[in-house]
Amino acid sequence: MALGIVCIVRFIENQTVQNDMSLSTLPSPHYRRIADMLRMTLASGALRAGDRMISARKLAEREQVSLPTALEALRCLEAEGLIFARPRSGYFVRQADAVPSMQVDRQLSGPVPVAMSAVARSLFSSAETRLVPLGAALPDPEWLPTEALQRALLATGRRLDARGQSYSLPPGRADLRNKIASRAAQWGARFAADELVITAGATQALRLALRAVCQPGDAVAIEQPAYFGTLLLLEDLGLKALQIPTDPLEGLMLEPLAEAIQHHRPAAVLASPTVQNPLGASMPVARKQELVALLARAGIPLIEDDVYGDLAGEGQRPPACKAFDRSGNVIYCSSLSKTLAPGWRIGWIAAGRYHAQVLQARMAGEWAGAPLLEAAMSEVLSSGDYDRHLRRLKSRIAEGVKAVIARVEASFPPGSRVAMPAAGFLLWVELPQPINALEVHRRALALGIGVSPGPLFSPAAELQNYLRLNCANEPTPHLLNAVGQIGALCHELVRVG
Ligand SMILES: Cc1ncc(COP(=O)(O)O)c(C=O)c1O
């Protein structure tokens, strides 16, 4: 039964218009005429909310224009909020005022100490590897390019010979840093290889960033809800969390952030402006620019966590905030954990004007890297294997997300809401009261199913009626049946009250 589940739809960023890198590729002004015509069709009421728009290909044929021109026209309407894209399904009519939204708590509270590690610990310790993997934010290992990774390991192992077993010293191998810098240049980042430090995953990069710009007791502005790894880091470093309301469609909200800066002066802002965990939200490009400008004016560093960035966008990924950083105020952190090999622990940090502090902290702490893995990763990034893999991965993820959403719609109790991600593989689900997600988690574990309960994503283990589901798995009957079992559990918990 489809029972009143509310999906929040969201836009894919219209990066072409705002990203100055791609101005040269803008199609001819025909797109404006076509956009005007489509706008008039929508205004006439000929199409209703949810109706599918004409495809770009048909539009191009009908209007005798190129495919990029037709696409640009559709993207104009998308940027205006009139239509929205669904991965691999095309554009649909959006009726802005009829789209119910997940409640965003716009209430600003002050900085709070983080105390969620006990919840995290109990959840980590109960996690077993053979759970149905709806919990951890990881792509299905079968979806990773194992053969290409193994080939690169073998070839590099032979080439490096005994040196492969040595240490890689900070800032990490130059071949890998070059590759990362040149890939980042494609979306507009302007850091050179010698401004990068290779780290043990994004987690170490985030730790180094926080260490570089914060003192114990400081407040750090974070998204609400926030990735639990960020919360654990804050707790570990004795930092307070200043929660900023975050829109399920457009990410970190700038007005409350500006207010929070005025009243509480955080030492840093730590956010994922492209594909946020757990919401899947991405800030529109113009808002990213505003965020960078706001923080540069305030002299507050932005720690940008971009681990899901490569999963965004249809072709070229949208620019991260780092693309708009003119003053070195953005500390950019990322890794290959969500797309290639989480266990290889290859991450990096481009710390802008904090580079010296970060390098110093890297040398003073966990300084050694693995040359074999760094060199092999550099080879994979050079070979074209990564881009091929990314295209396939994104399309599999889109299928996985679609299938899980459909099953949630069919099996969760009325009043549940889903923040539908346009990119990434995480699904944030609001459950109707009085369901307690920790209880759902406990009962799901007993059935051999992993889920991530809402309290993991809040500094004081709140958000009790939210769940995060990982959709980066083959949507087999077994997996979808597990989603249905979670739905059944939720029904039971509503009845018990
Ligand atoms: C938002 C976010 N940042 C960072 C990480 C950690 O990345 P890594 O495995 O590269 O340390 C994760 C992992 O789930 C994440 O979701």
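The rules behind these values
Residues numbered from 1 in each chain as written. Predicted model: local features only at pLDDT ≥ 70, side-chain atom pairs only at ≥ 80, totals over all residues. Heavy atoms only, no water. UniProt positions renumbered as here; feature names shortened; annotations may be inferred. Helix = DSSP H or I, 4+ residues; strand = E, 2+ residues; numbered from the N terminus. Expected span 1.5 Å × (residues − 1). Buried < 20%, exposed > 50% of the residue type's maximum accessible area, 1.4 Å probe, protein only. Arc of directions from axis to C-beta. Contact = heavy atoms within 4.5 Å. Near = heavy atom within 4 Å. Polar contact = N/O pair within 3.5 Å; in protein donor to acceptor, adjacent residues only side chain to side chain. Areas by Shrake-Rupley, 256 points an atom, 1.4 Å probe, with all protein chains shown as cover. Nonpolar A, V, L, I, M, F, W, Y, C, P; charged D, E, K, R; others polar. Salt bridge = Lys/Arg side-chain N within 4 Å of Asp/Glu carboxyl O. Axes fitted to C-alpha atoms, helices over the stretch in contact; angles between N-to-C directions. Parallel < 35°, antiparallel > 145°, perpendicular 65-115°, else oblique. Left-handed = near helix turned anticlockwise from the far one by under 90°. Patch = residues over 30% accessible without salt bridge, like charges linked within 9 Å, V, L, I, M, F, W, Y side chains within 5 Å. pLDDT = per-residue confidence, 0-100.

Under an unreviewed UniProt entry, the chain has the name Transcriptional regulator and belongs to Pantoea rwandensis. Per UniProt, the chain has the following entry under Sequence similarities (unreviewed entry): "In the C-terminal section; belongs to the class-I pyridoxal-phosphate-dependent aminotransferase family."

Novice: How should helix H6 (residues 146-160) be read in this particular structure?
Specialist: Every α-helical turn comprises 3.6 residues, leaving residues that sit three or four positions apart pointing alike. Given a rise of 1.5 Å per residue, 15 residues ought to cover 21 Å, and the 21 Å separating the end C-alpha atoms of H6 matches this to within 8%. Residues of H6 that are buried include every one of Ala 148, Leu 149, Ala 152, Thr 156 and Leu 160, and no others. Take H6 and look down its axis: the buried residues cluster within an arc of 95°, on one side only. Exposed residues lying more than 90 degrees from the buried face of H6 are Glu 147 and Arg 158. Buried residues belonging to H6 abut helix H13 (371-383) and helix H14 (385-411). Of the residues trailing H6, Asp 161 is marked for its positive phi of about 55°.

Novice: Could you clarify how one ought to interpret the site of the ligand in this entry?
Specialist: In the region of the ligand, the neighbouring residues are Gly 201, Ala 202, Thr 203, Tyr 227, Asn 277, Asp 305, Val 307, Tyr 308, Ser 335, Ser 337, Lys 338 and Arg 345. Within the side chain of Thr 203, a nitrogen or oxygen atom sits 2.5 Å from an oxygen atom of the ligand. Residue Ser 335 places a side-chain N or O atom 2.7 Å away from an oxygen atom belonging to the ligand. Contact with the protein chains hides 92% of the accessible area of the ligand, taken as 390 Å² for the molecule alone. Here the shell around the ligand takes 3 residues from helix H8 (residues 201-213), the largest share from any one element. By residue class, the composition of the shell around the ligand is 4 nonpolar, 5 polar and 3 charged.

Novice: Explain the pattern of salt bridges here, please?
Specialist: Where charged atoms of side chains with opposite charge meet at close range, the side chains can pair. All told, the structure shown has 19 salt bridges when counted by the stated rule. A salt bridge links Glu 63 to Arg 33; the nearest nitrogen and oxygen atoms lie 3.4 Å apart. With Glu 63 in helix H3 (residues 56-63) and Arg 33 in helix H2 (residues 30-43), this residue pair connects regions lying 30 residues apart in the sequence. With relative accessibility at 18%, the residue Glu 63 sits in the buried group. The class for Arg 33 is partly exposed, based on a relative accessible area of 41%.

Novice: Sorry if this is basic, but what is going on with helix H9 (residues 228-236) here?
Specialist: Among the residues of H9, those classed as buried are Phe 228, Gly 229, Thr 230, Leu 231, Leu 233 and Leu 234. With its phi angle positive at about 70°, Gly 238 sits one or two positions after the end of H9.

Novice: Before we go on, may I ask you to explain the side chain of Arg 183 in this structure?
Specialist: Within the secondary structure, Arg 183 sits in helix H7 (residues 174-186). Every residue in contact with Arg 183, bar those within four places of it in the chain, is listed here: Leu 381, Tyr 386, Asp 387 and Leu 390.

Novice: It is not clear to me how unusual backbone geometry should be interpreted in this structure. Could you clarify?
Specialist: In this chain, Pro 170 is followed by Pro 171 through a cis amide linkage whose omega measures 10°. Take Pro 171: it is sitting in the loop between H6 and H7. Residue Pro 278 is bonded to the preceding Asn 277 through a cis peptide linkage, with omega at 15°. Within the secondary structure, Pro 278 is located in the loop between strand S10 (268-271) and helix H11 (285-298). We note that Ala 461 has phi near 55°; this positive angle belongs to a residue other than glycine. Locating Ala 461 in the fold gives a position in the loop between strand S17 (452-453) and strand S18 (466-470). Residue Leu 463 is not a glycine yet carries a positive backbone phi of 55°.

Novice: Would you mind going over the packing of H13 against H14 with me for this structure?
Specialist: Describing two packed helices takes the angle between their axes plus the distance from one axis to the other. Running from N to C, H13 and H14 cross one another at 75°; their axes reach a closest spacing of 4 Å. Classed by the angle they form, the pair H13 and H14 counts as roughly perpendicular. Listed contacts from H14 to Val 380, Leu 381 and Ser 383 of H13 are Asp 385, Tyr 386 and Arg 388. Here the contact of H13 with H14 is built from residues that sort into 3 nonpolar, 1 polar and 2 charged.

Novice: Whenever I open this one, the packing of H14 against helix H16 (residues 477-496) confuses me. Can you help?
Specialist: The interhelical angle for the contact between H14 and H16, taken along N-to-C directions, is 30°, at an axis separation of 9 Å. As far as their axial angle goes, H16 and H14 are roughly parallel. The handedness of the crossing between H14 and H16 is right-handed. The segment H14 lies against H16, with Ala 403, Val 404, Arg 407, Val 408 and Ser 411 engaging Leu 479, Leu 480, Asn 481, Val 483, Gly 484, Gly 487, Ala 488 and His 491. Residue classes in the contact of H14 with H16 are distributed as 7 nonpolar, 5 polar and 1 charged.

Novice: Can you walk me through the environment of Gln 204 in this structure?
Specialist: Topologically, Gln 204 is positioned in helix H8. Separated by 29 residues in the primary sequence, Gln 204 and Leu 233 place their C-alpha atoms 9.7 Å from one another. The contacts of Gln 204, once residues within four sequence positions are left out, are Thr 199, Arg 362 and Glu 366. Only 3.3 Å separates the side chain of Gln 204 from the backbone oxygen of Glu 366, close enough to count as a polar contact.

Novice: How should I be thinking about a nonpolar patch on the surface in this particular structure?
Specialist: Among the surface-exposed residues, Tyr 167, Leu 169 and Trp 367 lie close enough to one another that they form a single nonpolar patch of about 340 Å² accessible area. Take Tyr 167: it is sitting in the loop between H6 and H7.

Novice: Can you help me understand the confidence of the model for the chain in this one?
Specialist: Any residue range with low pLDDT should be treated as having predicted coordinates unsuitable for detailed reading. Scored by pLDDT, the chain comes out at a mean of 88, with 90% of its residues at no less than 70. Contacts of residues 1-28 to residues separated by more than four positions or lying in other chains number 98 contacts, the stretch itself having pLDDT below 50. Confidence drops under a pLDDT of 50 for residues 95-101, and excluding neighbours within four residues, the segment shows 8 contacts in the predicted structure.

Novice: How should I be thinking about the environment of Ile 83 in this particular structure?
Specialist: Relative to the assigned elements, Ile 83 resides in strand S2 (residues 83-86). On the accessibility criterion, Ile 83 (0% relative accessible area) is buried. Sequence separation of Ile 83 and Arg 39 is 44 residues, and the distance between their C-alpha atoms is 10.0 Å.

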